[in-house]
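# Structure at a glance
Here is how the chains run, residue by residue.
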There are 2 protein chains.
Amino acid sequence: MRALHWNGQRLTLDSSYATPLASEQIALVRVHLAGICSTDLQILKGYMGFRGVPGHEFVGSVSEGPGSLLGKRVVGEINFGCGRCENCARGLSRHCPNRSVMGILNADGAFAEYVAVPAANLHLVPDKVSDEEAVFTEPLAAAFEILEQVQLDPGDQVLVLGDGKLGNLCAQVLRLTGANVTALGKHEDKLKLIKRVGVRTILLNDWQPRLFDVVVEATGSPSGLELALSAVRPRGTLVLKSTVAGNHDVSLAPIVINEINVIGSRCGLFAPALEALEEKSVSVTPLIEKVYPLNDGSEAVEHAARRETRKILLRP
Amino acid sequence: MRALHWNGQRLTLDSSYATPLASEQIALVRVHLAGICSTDLQILKGYMGFRGVPGHEFVGSVSEGPGSLLGKRVVGEINFGCGRCENCARGLSRHCPNRSVMGILNADGAFAEYVAVPAANLHLVPDKVSDEEAVFTEPLAAAFEILEQVQLDPGDQVLVLGDGKLGNLCAQVLRLTGANVTALGKHEDKLKLIKRVGVRTILLNDWQPRLFDVVVEATGSPSGLELALSAVRPRGTLVLKSTVAGNHDVSLAPIVINEINVIGSRCGLFAPALEALEEKSVSVTPLIEKVYPLNDGSEAVEHAARRETRKILLRP
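What counts, and where the lines are drawn
Residues numbered from 1 in each chain as written. Chains lettered and ligands numbered in written order. Predicted model: local features only at pLDDT ≥ 70, side-chain atom pairs only at ≥ 80, totals over all residues. Heavy atoms only, no water. Domains from an automatic or database assignment. Contact = heavy atoms within 4.5 Å. Buried area = accessible area lost by both parts, 1.4 Å probe. Salt bridge = Lys/Arg side-chain N within 4 Å of Asp/Glu carboxyl O. Polar contact = N/O pair within 3.5 Å; in protein donor to acceptor, adjacent residues only side chain to side chain. Nonpolar A, V, L, I, M, F, W, Y, C, P; charged D, E, K, R; others polar. Helix = DSSP H or I, 4+ residues; strand = E, 2+ residues; numbered from the N terminus. Buried < 20%, exposed > 50% of the residue type's maximum accessible area, 1.4 Å probe, protein only. Pairing = 2+ DSSP bridges. Axes fitted to C-alpha atoms, helices over the stretch in contact; angles between N-to-C directions.

### Comments concerning the domain arrangement of chain A
All names here are of chain A. Along its sequence, chain A is organised into domain 1 (3-136 + 284-315) and domain 2 (140-264). The C-alpha centroid of domain 2 is placed 27 Å from the C-alpha centroid of domain 1. With eleven residues of domain 1 at the contact, the number on the domain 2 side is twelve residues. Between domain 1 and domain 2, a total of about 1100 Å² is buried, with carbon and sulfur atoms accounting for 52% of that surface. The largest share of the area that domain 1 buries against domain 2 comes from Phe 136, Leu 287 and Glu 308, three residues that together contribute 40% of it. Connecting domain 1 to domain 2 are one salt bridge. A salt bridge links Arg 94 to Glu 145, with the shortest nitrogen-to-oxygen separation between them at 3.1 Å. Joining domain 1 to domain 2, the criterion identifies four residue pairs in polar contact (both at pLDDT 80 or more). The residue inventory of the side of domain 1 that touches domain 2, partitioned by class, reads five nonpolar, two polar and four charged.

What follows is the structure, given as structure tokens:
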């Protein structure tokens, strides 16, 4: 099959990459669309020391494997747990210490014609959800993860820091709770996208310091943390969404002095994300910038890495 | 009166410092004992830009002020709230944005013959509690604050990082919940003090990495954070107790990847601390290294700043 392969130095199209094998537990999924996210861009800079086929945002259809899934349109949770440890037993395979992670750690990903996914990780895509919407399930689930971790009440003052794709999705999801959500970002055009779905927006240049019950740091930049810390009320909550490669250089004294609750938040469950896509309670397709054929993978990655770019998709 | 005065450069004994005034709301407390804590040492390095009389750990007796308190032995909560804001209304005057803080921010402290304290901040010291025990109420309350913020269950695996006074008190308090508490530190003699109260101890040189449900960072050193982060299980809790002057230089990615809950924890309520002292469920007097007369304040501070030193007290 064709696949984009990362050897640690270069991303190249391999036209005869070995097609993965299916089994009773492992489905072979023909990829319809795959999304390039900033974790992929970090991986192509060396993050996680990954080698193989990147890509963990995808929608496809099952071509081989468990009979009940054959031909079905699916999306897939990206953490492949061992199924035997304490975390897996508690439904937290995304924290399994022995996990592999699609396109990130010890498992090939979706920048290819086919990807192998444990059947247990797959979710059927409702008919009402297009491929262009379904490919956002994984990042949307990461936004819904916040609601698994933080109790938000109607009227709570919430600030989302960052107007990129993750910030956009977080703002939309948090708004569903009835909280008063404000998005703060650097880019007028990106903030417009967020404003369109009914979230109050503020351009960073116009920012007047004030305090919020909950702040979500989704800038993807180390510098976001200091502003985030300054905007949380005493005993308030700061949700960290950005994984930043390298060290922070920041005073953490405000966490102690103001008794802030800092919650790290990563991957989420797919069910609430698919439900929101089916109910059209969130809007994701305006986030798509361009769809590239898989063969133009290098160009697509280059485009995704440019500042101000919305979501770049690959179609194999 | 005599008082130790910090002018931003030097700490000097002033034998004719103005005795503070009492009123119906403000009690004048004759200080029996005052403790030197590491925040005081930071203040004498410039922290908070404080000028005046330092000291916020004290026990004394009311010599002037509200009649019902006259002659009573008291300790006092150190945050003086405005009494009118939202935080004060919620009983969180220690987060009042307009607060002054005894010996730390806009209010003279207890390294003096007398200190003025709002009557609302005072707590009577039970007869069974000696002055030498009562002077630990403030730091002990800071340890009890953790139990206000984190739900600990019997059998939870808890690690306290740091074998200093705060680490010692935290380990003792957390042990009262029935949790399995381990203390990790650098100093054999200090760990012995902790071991004596029934807490398992590990010398840093013998540390074998493993994961805990809850980790309390009480080292007072910026380098403690990295070890603390590495010892929290996925979705576990890290309590930050140390206020460190200056910046941390640390990767915070583990917080996100392992979805750790980081809780800043500062001052606490005095009632549970006084109750524990009365019931003798915690042991504090072995932490006393030496009692100095107020007139030898500079020498006392110098002694307190030496590594390995336990609690230094001042007797005015």
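### So, the environment of Thr 137 of chain A
All names here are of chain A. Here Thr 137 lies in helix H4 (residues 137-149). According to the relative accessible area criterion, Thr 137 is buried, its value standing at 1%. Counting along the chain gives 49 residues from Thr 137 to Lys 186, while the straight-line C-alpha distance between them is 26 Å. Residue contacts for Thr 137: discarding those within four places in its chain leaves Val 75, Phe 270, Ala 273, Leu 274 and Leu 277. There is a polar contact of 2.5 Å between the side chain of Thr 137 and the backbone oxygen of Ala 134.

### Here's the deal with the sheet that holds strand E10 (residues 157-161) of chain B
Adjacent strands of a sheet pair through backbone hydrogen bonds, lying either parallel or antiparallel. Read from one edge to the other, the open sheet built from twelve strands follows the order E12(A)-E11(A)-E10(A)-E13(A)-E14(A)-E16(A)-E16(B)-E14(B)-E13(B)-E10(B)-E11(B)-E12(B), with strand pairing classed as mixed. Of all the strands in the sheet, the pair left with one neighbour each is strand E12 (200-203) of chain A together with strand E12 (200-203) of chain B. Going across the sheet, the axis of each strand differs from the next one's by a mean of 20°, ignoring polarity. The sheet contact formed by strand E11 (residues 180-185) of chain A and E12 of chain A spans four bridges and is parallel. Bridge pairing links Gly 185 of chain A to Leu 203 of chain A in E12 of chain A.

### With respect to the pattern of salt bridges
Proximity of charged atoms lets side chains of opposite charge pair with each other. Tallying each qualifying case throughout the model produces 20 salt bridges over all chains. Residue Lys 311 of chain B is joined to Glu 57 of chain B by a salt bridge in which the shortest nitrogen-to-oxygen separation is 2.9 Å. With Lys 311 of chain B in strand E18 (residues 311-315) and Glu 57 of chain B in strand E4 (residues 57-64), this pair connects stretches of sequence that are 254 residues apart. Each member of the pair, Lys 311 of chain B as well as Glu 57 of chain B, is classed as buried. Residue Arg 315 of chain B is joined to Glu 132 of chain B by a salt bridge in which the shortest nitrogen-to-oxygen separation is 3.8 Å. A residue pair is termed long-range when its members are at least 10 positions apart, and Arg 315 of chain B in strand E18 and Glu 132 of chain B in helix H3 (residues 131-134) qualify at 183 residues. Among the charged side chains, a salt-bridge network with shared partners connects Arg 94 and Glu 145 of chain A together with Arg 235 and Glu 259 of chain B.

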